[in-house]
Amino acid sequence: CSAEEYGYVLKTMSPNKWPKLCPNTCSGERQSPIDIKTDYTMYTTWDPPLGITSIDATMEGAFKNDGKTIKWSPKEVNPDLVLKGGPLGDVPYLFGQFHLHWGSEDSKGSEHTLDGKQQQAEIHFVWFKEEYGDLGAAVDAGFAGDGDALAVIGLFIYFDPDACDEDVEWFAPIEDAARVICEA
């Protein structure tokens, strides 16, 4: 679909229409966006649990405004920063980028919903199967049919004006980059 058709609100290709327009990819258990229905969720454990090796590794990268969001991508892939375990089993995934979803209103920002309601904002950490070497090749593999080419960890972000500085210091570089991008 074209950029003019795709979108989240009042567009020909808005999320509520995706299951009908793309039934093979947007109407099953492996789709995005999803509505998390808390009455139907259940606690699950895995052995081994989902984990990230070398989570404290430093990476150089850059923020970019792609016209829909800001995203941060590393200058090069760090082969030591690996996501595996949990539902991924022993298959290693490497970090590819993160991006944000937010809106002009506090109640309309996230891509996914919780009990039918959008949240203030959402951040997606995008990982790709190590065998593909880079994010672009994994995205291509996903389009070609590998439904496991990517793994995305999404977190809702809530803005709390009373939060202590230590709780929100991780967000300062993202906020600074967003301001620079908007002012450019």
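Residues numbered from 1 in each chain as written. Predicted model: local features only at pLDDT ≥ 70, side-chain atom pairs only at ≥ 80, totals over all residues. Heavy atoms only, no water.

## Some details on the overall build of the chain
Condition: Helix and strand definitions follow DSSP, with helices as H or I runs of at least four residues and strands as E runs of at least two, each counted in order from the N terminus. When accessible area is computed with a 1.4 Å probe and restricted to protein chains, residues below 20% of their type maximum are described as buried, those above 50% as exposed, and intermediate ones as partly exposed. Contacts are residue-level and defined by heavy atoms, with any inter-residue pair within 4.5 Å sufficient. Working definition of accessibility: Shrake-Rupley area with a 1.4 Å probe, residue cover restricted to the visible protein chains.
In terms of helices and strands, the chain carries 5 helices and 10 strands. In the chain, which comprises 184 residues, the share counted as buried stands at 28%. Taking all contacts inside the chain whose residues are at least 6 apart in sequence as the whole, residues at least 24 apart take part in 56%. Carbon and sulfur atoms form 53% of the exposed surface of the chain, whose accessible area is close to 12,600 Å².

## Notes on a negative patch on the surface
Rules: Nonpolar side chains (Val, Leu, Ile, Met, Phe, Trp, Tyr) are joined into patches within 5 Å and like charges within 9 Å, using only residues with over 30% relative accessible area and no salt bridge. Criterion for a salt bridge: a side-chain nitrogen of Lys or Arg within 4 Å of a carboxyl oxygen of Asp or Glu. Counting rule applied: Lys, Arg positive; Asp, Glu negative; His and chain ends not counted. The atom standing in for a charge is NZ when the residue is Lys, CZ when it is Arg, CG when it is Asp and CD when it is Glu.
On the surface, Asp160, Asp162, Asp165, Glu166, Asp167 and Glu169 cluster together into a negatively charged patch. Inspection of the secondary structure puts Asp160 in the loop between β10 (150-157) and α4 (165-168). Residue class for Asp160 comes out partly exposed when judged on its relative accessible area of 47%.

## Overview of the pairing of strand β3 (residues 61-65)
For clarity, the cut-off: DSSP-based pairing: two strands are paired if at least 2 bridges between them are found.
Strand direction decides the pairing type here: β3 and strand β4 (residues 70-74), joined by 5 bridges, are antiparallel. Paired with Gly61 across the bridge in β4 is Pro74. Counting the residues between successive antiparallel strands, the hairpin from β3 to β4 contains 4 residues, one of them, Gly67, with a positive phi of roughly 95 degrees.

## Digging into the pattern of salt bridges
Across all of its chains, the model carries 2 salt bridges by this definition. Here Lys75 makes a salt bridge to Glu60, at a shortest N to O gap of 3.6 Å. Pair noted here: Lys75 is in the loop between β4 and β5 (82-84) and Glu60 is in the loop between β2 (51-53) and β3, with a separation of 15 residues, a long-range link. Residue classification places Glu60 among the exposed residues on the basis of a relative accessible area of 59%. Two residues, Lys129 and Asp146, come together in a salt bridge whose shortest N-O distance is 3.1 Å. Separated by 17 residues along the polypeptide, Lys129 in strand β9 (residues 121-129) and Asp146 in the loop between α3 (135-143) and β10 bring together distant segments of the chain. What makes Lys129 buried here is its relative accessible area of 12%.

## Digging into the confidence of the model for the chain
Keep in mind that low pLDDT regions are not for reading the predicted coordinates in detail. Using the following cut-off: Per-residue confidence from the predictor is reported as pLDDT, a score between 0 and 100.
When pLDDT is averaged along the chain, the result is 83; 81% of the residues meet or exceed 70. When pLDDT is averaged over each helix and strand of the chain, the minimum, 59, is found for helix α2 (residues 23-26) and the maximum, 97, for β5.

## Looking at a nonpolar patch on the surface
On the surface, a cluster of nonpolar side chains totalling about 380 Å² of accessible area is made up of Val139, Phe143, Leu150 and Val152. For the nonpolar patch, the secondary structure elements donating two or more residues are α3 and β10. Within the fold, Val152 resides in strand β10.

## As for the side chain of His99
For the record, the criterion: Any N or O atom pair separated by 3.5 Å or less is treated as a polar contact, with the protein-specific requirement of one donor-capable and one acceptor-capable atom, and with residues adjacent in sequence counted only for side-chain atom pairs.
Looking at where His99 falls in the secondary structure, it is placed in strand β6 (residues 93-102). In terms of polar contacts, His99 uses its side chain to reach the side chain of His101, at 3.3 Å. Ignoring sequence-local partners within four residues, the contact set of His99 consists of Thr69, Ile70, Lys71, Glu122, Ile123, His124 and Val126.

## With respect to the environment of Ala151
Mapped onto the elements of the fold, Ala151 is located in strand β10. Look at Ala151 and you get buried, because its relative accessible area is 10%. Beyond its immediate chain neighbours, meaning those up to four positions away, Ala151 contacts Leu83, Leu88, Tyr93, Phe125, Val126 and Trp127.

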